[in-house]
Amino acid sequence: MSSPAQITSIDAVRHFKLALEEFQAEAREAVTQLLLEMRRAVDWIEHDRARYWPREMQRASDALLQARNDLERCEMSLRAEDKRSCYEQKLAVEKAKRRMRLTEDKVRAVRRWRLAVQREADDFHGRLSKLASCLDMDLPRALATLERMAAALDRYTERALPVETNGTMDSATPAATGVPGGDSRSEGEIS
């Protein structure tokens, strides 16, 4: 059996209801912002990076081909008595190879991350949907319950106000309110 409520202020119930309404509005805004941020992150991986790195890989491939051609031309132009070693061209080829490896790694990473990010985004969206459902369905029911509670408490206090009898003020008794025990509530209301 539940114990009776120890309510000392009806205003506290109304203040709590107002705070809950404010929370509901802020939480809805937060859910919207989180969904937008998630979408931006997913779009960045799926569209921006998925296009950027293949283009960079093509550029790196072109730069490597150009560096190799420059090195070949340099080596072919050498004569036996020429002391030139084509050092700069060899450095350019190595730099182009490093860039090519980097872009290949990035393309593979984007493929992996696209799958992982989409999976995590779906999971996150599911969790946010549960919260949004709670905000849209459960919270309005709680707010309505709080409003009914406050109204019931108002009715209860109105009945318990002092009543004037024969020129003297007397507090209302359970019999004066017309309800056994002084409570006009149905069993499911405030306890």
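Below or above, wherever it landed, is the structure these notes cover. (Residues numbered from 1 in each chain as written. Predicted model: local features only at pLDDT ≥ 70, side-chain atom pairs only at ≥ 80, totals over all residues. Heavy atoms only, no water.)

Topic: the pattern of salt bridges
Okay, step 1: Tallied over the full model, the rule gives 15 salt bridges.
Okay, step 2: In this structure, glutamate 56 engages arginine 99 in a salt bridge whose closest nitrogen and oxygen atoms are separated by 2.6 Å. Of this pair, glutamate 56 sits in helix H1 (residues 10-76) while arginine 99 sits in helix H2 (residues 87-160), and the two are 43 residues apart along the sequence.
Okay, step 3: Classification of glutamate 56 as buried rests on a relative accessible area of 10%.
Okay, step 4: For glutamate 94, the salt bridge identified is with lysine 97, shortest N-O distance 3.8 Å. Pair noted here: glutamate 94 and lysine 97 are both in helix H2, with a separation of three residues, about one helical turn.
Okay, step 5: Classification of glutamate 94 by relative accessible area gives partly exposed; the value is 38%. (Salt bridge = Lys/Arg side-chain N within 4 Å of Asp/Glu carboxyl O. Helix = DSSP H or I, 4+ residues; strand = E, 2+ residues; numbered from the N terminus. Buried < 20%, exposed > 50% of the residue type's maximum accessible area, 1.4 Å probe, protein only.)

A closer look at the nonpolar core
Okay, step 1: One finds Ile10, Val13, Leu20, Ala27, Val31, Leu128, Leu135, Leu139, Leu143, Leu146, Ala150 and Leu153 forming the largest nonpolar core, which totals 12 residues.
Okay, step 2: Where this core is concerned, the elements lending two or more residues are H1 and H2.
Okay, step 3: No other element matches the seven residues that H2 contributes to this core.
Okay, step 4: The contact partners of isoleucine 10, leaving out residues within four places of it in the chain, are Ala150, Leu153, Asp154 and Thr157. (Core = buried A, V, L, I, M, F, W, Y, C linked by side-chain atoms within 4.5 Å. Contact = heavy atoms within 4.5 Å.)

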